[in-house]
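The lines below spell out each chain.
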Amino acid sequence: MGSEHGVDAGAAARVAVARAARRRRVRMACPGLARARVEEAGRCAMRFLSLSVIHARMAARQRAIWVASLLLALLSMGVTVNTGLPFETGDVADLVFLAQMLAMLPPVAYAAAFTDLAAEPERLGHLGSRGLRPVRPMELTVARVAGALAVMTSPSAALLLFCAAGQMLHGNVWAPLQAIVLFAGVVLPAAFVAAALSALAGSLLPRIVARIVSVAAWLGTLFACSFKGVPASGGGVQFHIASDPLAQAFFGSQPFLDYQGPAPAAAPFEALALLVFKFAVAAALLAAAAAVARRRSYRRH
């Protein structure tokens, strides 16, 4: 019995020593694994940033798109001439109205301009000559969207900030921060959706046809989301331009831009949920465009 207890005690001791050694190896390996993951994440972020910068430079060379984006941005401000230009007052409502016009008109140019975002992945993968690992089509597409939109939306951002500076001179000290929020929450989602529609159309159709289809798709989306029917007093339905839910919830905008009748305003949670939904829809469209581009690339090779 004594020998059996001795054997059991020895086996238990060996198991305990083995477990301790295993835990020690895991503890030693975890910092190294975590460090490797952080370094890999850093490399991916730098690669994505490098791709975005390169495609921003490529987009900056397309002067026709630059001019179209700038003209549509100026047209968006010209719509407000009758009620006073946004930089001539200190009322945030004028800044909100400008942001909503910038979310409607300039995306027409984006819908026509981004048809080759995912349709030509071989043009996007030119960083392979630098010794980097192959980049996935989805990452390439998102990087190109980010870089190109940074350039194409710069006239809208500059116009908002210019008007915000004018509003500061008229007493609205929060105007720059308001302009940044309006750009990120109203202008940028619309531009992202328009570019994603263009990318998907370009991955499925020839370029000329894709431009026509993507512009029509954006106009259809704009009509479906921005025009709401209101029962008329004499019967029938009248369509009015709905203000952005974010502007309703956080800037006190009326539910309609051209109608002062009774209508429920959007709640903050509803506005934020819709904002997330817009980015999610755009991301899904880009993923679909990247998947189509990847399938076509496999067929070519």
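Computed from a predicted structure; not experimentally measured.

Conventions adopted
- The numbers attached to residues start from 1 for each chain and follow its sequence in the written order.
- Confidence filtering applies because this is a predicted model: local features only for residues at pLDDT of at least 70, side-chain atom pairs given and counted only at 80 or more, and all residues used for totals across whole chains, interfaces and linings.
- Each side-chain value is derived from all of the structure's non-hydrogen atoms; neither hydrogens nor water enter the calculation.
- By definition, any uninterrupted DSSP run of H or I lasting at least four residues is a helix, any uninterrupted run of E lasting at least two residues is a strand, and each is numbered from the N terminus.
- Each residue is placed in one exposure class: buried if its accessible area under a 1.4 Å probe, protein chains only, is under 20% of its type's maximum, exposed if it is over 50%, and partly exposed if it falls in between.
- Contact between two residues is taken to exist if any of their heavy atoms lie within 4.5 Å; hydrogens are not considered.
- Here, Shrake-Rupley sampling with a 1.4 Å probe gives the accessible areas, and only protein chains in the shown set may cover a residue.
- For Phe, Tyr and Trp, rings pair up if their centres lie within 6.5 Å, where Trp contributes its six-membered ring, and each pair is then called stacked (planes under 30 degrees apart), edge-to-face (over 60) or tilted (otherwise).
- By this rule the span expected of a helix is its residue count minus one, scaled by 1.5 Å.
- Here the arc refers to the directions that run from the helix axis out to each C-beta atom.
- The score called pLDDT rates the predictor's confidence residue by residue, from a low of 0 to a high of 100.

Enquirer: Would you mind going over the overall build of the protein in detail, with residue names and values included?
Expert: Looking only at helices and strands, one finds 11 helices and 2 strands in the protein. Split into buried and exposed, the 301 residues of the protein put 40% on the buried side. A sequence separation of at least 24 residues applies to 72% of the contacts in the protein between residues at least 6 apart. Approximately 16400 Å² of the protein is accessible, and the part contributed by carbon and sulfur atoms is 68%.

Enquirer: Explain the packing of aromatic side chains residue by residue, including any values.
Expert: Taken as a whole, this structure holds 3 aromatic pairs when the rule is applied. With 5.8 Å between their ring centres and 45 degrees between their planes, Phe192 and Phe279 make a pair best called tilted. Placement of Phe192 in helix H8 (residues 175-204) and of Phe279 in helix H11 (residues 268-300) is noted, with a sequence separation of 87 residues between them. Look at Phe192 and you get buried, because its relative accessible area is 15%.

Enquirer: Run through helix H9 (residues 207-226), naming residues and quoting values.
Expert: A rise of 1.5 Å per residue sets the reference length of H9, with its 20 residues, at 28 Å; its end C-alpha atoms lie 28 Å apart and thus fit the reference within 8%. Within the span of H9, buried status applies to Ala210, Ser214, Trp218, Leu222 and Ser226. The arc that holds every buried residue of H9, seen down its axis, measures 105 degrees, which confines them to one face. Turned more than 90 degrees away from the buried face of H9, the exposed residues are Ile208, Ile212 and Ala224. Among the structural elements, helix H4 (107-113), H8, strand E1 (227-231) and strand E2 (237-241) are those in contact with the buried residues of H9.

Enquirer: Describe the confidence of the model for the protein, and please don't skip the residues or the numbers.
Expert: Overall, the predicted model of the protein reaches an average pLDDT of 77, with 71% of residues at or above 70. Scored below 50 in pLDDT, residues 1-7 makes 0 contacts in the model with residues more than four places away or belonging to other chains. Here residues 121-132 is a poorly scored stretch, pLDDT under 50, and it has 23 contacts once near neighbours within four places are set aside; other chains count.

Enquirer: Tell me about the side chain of Ser156, and name the residues and values.
Expert: Among the structural elements, Ser156 can be located in helix H7 (residues 154-169). With sequence-adjacent residues up to four places away left out, Ser156 is seen in contact with Ala73, Leu102, Pro106, Tyr110 and Val187.

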